Amino acid sequence: MHRPNPATRRRRTLSLAAALSLLAGLTVTAATAGTARATDPQAVRQAEFTAAAREFGVPLPVLEAVSFYETRWEAHAGQPNAEAGYGPMNLTDLTAATLDADGLSTQSPRYAPLLTAPAEHTAAAAAHLLGAATADVTGDEAQNIRGGAALLASYAKGYGHGRLPHTTDGWYAAAARYSQSTEDKVAQAFADGVWSTMATGAARTTADGQLVTLAPVRHLHPDRADVRKLGLKEVTPPRSSTPAECPASLHCDVVPGAYTLLDPSNLADYGSHDLADRPNGDLDIRYITLHSTDETYDGTLDLFNDPTYAAGAHYVVRSQDGHVTQMIPTKDIAWDSANRSFYQHSIGIEQEGWATHGAAWFSENLYRSTASLVRYLAAKYDIPLDRAHILGHDNIPGGTEAGVATQHWDPGPGWDWEHFFDLLGAPIKATAPAGSDVVAIKPGYARNPQSTTYCDDVQGYKQFPGPYRSFDCPVASQDAPASFVPLHTAPSTSAPLVADPYLHPDGSAGTSAMNDWGDKAPAGEQYVVAGRVPGWTAIWWGGTKAWLQDSAAHPATVPVKAARIVPKAGATSIPVYTTAYPEASVYPPDFVAFEGGAPRAQLARAKYSIPAGQSYVAAGPAVPTDSYFAIYYDGSAPYDQHDFVGTTKVYEIVYNHRVAFVNATDVDVIPATS
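Calculation notes
Residues numbered from 1 in each chain as written. Predicted model: local features only at pLDDT ≥ 70, side-chain atom pairs only at ≥ 80, totals over all residues. Heavy atoms only, no water. Buried < 20%, exposed > 50% of the residue type's maximum accessible area, 1.4 Å probe, protein only. Helix = DSSP H or I, 4+ residues; strand = E, 2+ residues; numbered from the N terminus. 1 Å grid on protein atoms, 1.4 Å probe; cavity = no way out; pocket = protein on both sides within 12 Å on 5 of 7 lines; lining within 4 Å. Points joined across faces, edges and corners; volume = space filled by probe spheres on them. Nonpolar A, V, L, I, M, F, W, Y, C, P; charged D, E, K, R; others polar. Pairing = 2+ DSSP bridges. Axes fitted to C-alpha atoms, helices over the stretch in contact; angles between N-to-C directions. Core = buried A, V, L, I, M, F, W, Y, C linked by side-chain atoms within 4.5 Å. Contact = heavy atoms within 4.5 Å. Disulfide = S-S within 2.5 Å. Left-handed = near helix turned anticlockwise from the far one by under 90°. Expected span 1.5 Å × (residues − 1). Salt bridge = Lys/Arg side-chain N within 4 Å of Asp/Glu carboxyl O.

Q: How should helix α10 (residues 297-304) be read in this particular structure?
A: The α-helix advances 3.6 residues per turn, and as a result positions three or four apart in sequence lie on the same side. With 7 of 8 residues buried, α10 is to be regarded as a mostly interior element. Those residues of α10 not exposed but buried are Y297, D298, G299, T300, L301, L303 and F304.

Q: Help me understand the environment of Q407 in this model?
A: Mapping Q407 onto the fold places it in the loop between α13 (401-406) and α14 (417-423). With 13 residues separating them along the chain, Q407 and D394 place their C-alpha atoms 7.5 Å apart.

Q: When you look at empty space enclosed by the protein in this model, what are you seeing that I'm missing?
A: For the structure shown, the criterion picks out 6 cavities of 30 Å³ or more. Volume-wise, the largest cavity comes out at about 120 Å³. Every residue lining the largest cavity is listed: D394, W409, G412, P413, W417, S483, F484, M514, W517, K520, P522 and H657. Class assignment of the residues belonging to the lining of the largest cavity gives a composition of 7 nonpolar, 3 polar and 2 charged. If you add up the space inside the second largest cavity, you get close to 100 Å³. If you trace the second largest cavity, you find 14 residues lining it, with E70, N90, Y178, S179 and Q180 closest to the centre.

Q: What is the right way to look at unusual backbone geometry in this model?
A: Cis geometry is found at the peptide bond from G271 to S272, where omega equals 0 degrees. A cis geometry characterises the amide bond from D410 onward to P411, with omega recorded as 10 degrees. With respect to the secondary-structure elements, P411 resides in the loop between α13 and α14. One non-glycine residue, W73, lies in the positive phi region at around 70 degrees. As for its placement among the helices and strands, W73 is situated in the loop between α2 (60-71) and β1 (85-86).

Q: What exactly am I supposed to notice about the sheet that holds strand β28 (residues 623-629) here?
A: Sheet strands pair via backbone hydrogen bonds, and the direction of the pair is either parallel or antiparallel. With antiparallel pairing, 3 strands are arranged side by side in an open sheet as β28-β29-β30. Each having just a single partner strand, β28 and β30 (659-663) make up the two edges of the open sheet. Taken over all neighbouring pairs, the strand axes of this sheet differ in orientation by 60 degrees on average, direction set aside. Bridge analysis of strand β29 (residues 642-654) against β30 gives 5 bridges, and the strand direction is antiparallel. Bridging across to β30, E652 finds its partner in F661.

Q: What exactly am I supposed to notice about the nonpolar core here?
A: The nonpolar side chains of a soluble globular protein tend to be buried with one another. I349, F420, I565, I610, I653 and V662 are the most contacted members of the largest nonpolar core, which has 62 residues in total. The biggest single contributor to this core is helix α12 (residues 364-381), with 8 residues. Here I349 is in contact with I288, T289, L290, H291, Y315, V317, T370, L373, V374 and L377, once residues within four sequence places are set aside. Counting 51 residues, the second-largest nonpolar core is a separate cluster that includes A123, A150, A174 and Y178.

Q: When you look at the sheet that holds strand β22 (residues 544-549) in this model, what are you seeing that I'm missing?
A: Strand order in the open sheet formed by 5 strands is β22-β21-β20-β15-β23, with antiparallel pairing between adjacent strands. Looking at strand neighbours, the two that pair on one side only are β22 and β23 (557-559), the edges of this open sheet. Going across the sheet, the axis of each strand differs from the next one's by a mean of 45 degrees, ignoring polarity. Relative to β22, strand β21 (residues 536-541) runs antiparallel, the two sharing 6 bridges. Across the sheet, W536 pairs through a bridge with Q549, a residue of β22.

Q: Honestly, the state of the cysteines in this entry has me stumped. Any pointers?
A: Here, disulfide denotes a covalent bond that connects the sulfur atoms of two cysteines. Inspection of every chain in the model, using the stated rule, returns 1 disulfide. With its sulfur 1.7 Å from that of its partner, C246 forms a disulfide with C252. Pair check on accessibility: C246 and C252 agree, each one buried.

Q: Help me out: how do you make sense of the packing of helix α1 (residues 44-56) against helix α7 (residues 141-159) in this one?
A: Contact pair α1 / α7: the axes reach a minimum separation of 9 Å and the direction vectors enclose 35 degrees. As α1 packs across α7, the resulting crossing turns out to be right-handed. In this structure, α1 uses R45, E48, F49, A52, E55 and F56 to contact α7, whose residues at the interface are E141, A142, I145, R146, A149, A150 and A153. For the contact of α1 with α7, the class distribution of residues is 8 nonpolar, no polar and 5 charged.

Q: What is the right way to read the environment of A563 from this model?
A: Following the sequence through the fold, A563 ends up in the loop between β23 and β24 (564-567). On the basis of relative accessible area, A563 is assigned to the partly exposed category, the value being 24%. Each C-alpha atom, one on A563 and one on P671, is 4.5 Å from the other, the two residues being 108 residues apart in sequence. Here A563 is in contact with Y616, V617, A618, V669, I670, P671 and A672, once residues within four sequence places are set aside.

Q: Where do I start with α1 in this structure?
A: Taking 1.5 Å as the rise per residue, α1 with 13 residues should run 18 Å; its terminal C-alpha atoms sit 18 Å apart, in good agreement. Within α1 the residues assigned to the buried category are R45, Q46, A47, E48, F49, A51, A52, A53 and F56. Those residues of α1 that are buried lie in contact with α2, α5 (122-130), α7 and β4 (211-214).

Q: Mind showing me how you'd approach the pattern of salt bridges here?
A: Pairs may arise between side chains of opposite charge once their charged atoms sit close together. Under the counting rule described, the total for this entry stands at 17 salt bridges. For R146, the salt bridge identified is with E55, shortest N-O distance 2.8 Å. One end of the pair, R146, is in helix α7; the other, E55, is in helix α1, with 91 residues separating them in the sequence. R146 gets classed as buried once you look at its relative accessible area, which sits at 5%.

Structure follows, in structure tokens:
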């Protein structure tokens, strides 16, 4: 997450060709609509799809595949996503209340156009076709599915001179239009995904217990050129010396991020990333870091093109259609996570969404595109597909004493790590027999309701231009699906929540606040078991024993095998580090003189340690400490754009909600056992 800026929180205006004029001629009334009935309570949504497809003449596989590609058939309990989309068909309803809640002032020139943009109001268009109220198609799932079917049929008739297509493949243009994209390749990629879903088929049980099945459809051969019927613009990406590093299927574009000298008299004053030559030399790429933007897609591009913003990411993923924009070459270093030991070895991906909207949901298009991009990058740079290497910003520790508490915590509790790793083809699953001494957190996102709160302090944004207002205060996310389990000081729900000493320096207990990450064990991370009693499992966590509810009826963990570290015999405790800087002796005397002293000292965190008897999972083999220096804009400083590598080696460990480091000489390693 970059610094959220309420003054520029604004939604994208999409001007669509032939917008609502295509909707004429297909109006039906709610009174004449078919009623879906199912004797099996788990088959209600399947029946609703079947009834709506029959009513509007949409092939059932097309309707189901569009919904699956948009939401995986989820109703999301009426909660809107980041694009104000509702229900299984992701029908949008952007209101003034939503814009106000996001801090967009009526003085903004975008305010009025956003309230009339067709792409932000497909729920109203669908309601018009049904002769119903907009609230009906956003609040009632049967009406939502009917509305989506009506829209698809209206699009198809618009491109078919008033007639519906005679073949399944003939619905390709209508499906592309349903994406609401203004760019032909993005709309085509959406339709391709729908056709791929039909070809493979799908079946799943939704979070609210609905079983939906889409049988594979054989012999599909759509005319992909039909996307031209939409009359969308053919987008030519901005010229760049580096082509997009991306899977071909994503049709990524390149918008170069700012690399600018801010003060001609000071070559050290530049923004907003470092030039490098990764992964050559010792500067390998070990991590991929996922963020949420807390900003719209276009606002994020604007900020990352501002060199004074002093932050950036390699990629930005749009919520509505999953479109990916590369801003920084992966060989260079993005300033994306406020901890050099991580971001100099990481690729940063910003995803359009709001971590503070814990009950809201990220779009399925975003999940799918990010997963495709991560698979591509992990294969290219040999990055393990596990939670020690595919990180959220919230898993990266602050690099200083003060930075531990202020480090960001996105993408937040609403990001479904379990689903994401399923899409990666690396599901979080058991790899050891029951009773293993190491477990991975896996509560089942949809079956893991948690209540969280958040209050954003607008005073933190006063450095940005106004107008602004207090927003996101308070956010209360009640019993919403979450990607963490709470941790207690004893095996009882009445026991206090554990507390991180940097977040609670007064010794108070942990809280349900979203950003109080010290008591929240994130999905996918692995921990060493510290004890078990019926219904509860204890793990070693941040130097203490922490308890989580974990029973056979409601499991929150799976047994896994992993190497783990223990303090060397004789040590009462060992230090914990949140950076991996090399020893001072690696810096040449002339460089030290140029810097005015030994730079970037490796310091243990004062409030963290590992006492004797505790154990933590090691993320992999010990790695050398190092620190990359990019000093001048033109690379002309002594030892500029150089990685200093130490002889000291460290293990990355999963210490609490975040990863950390311990010196290899301080620990013994217990190999993974089956």
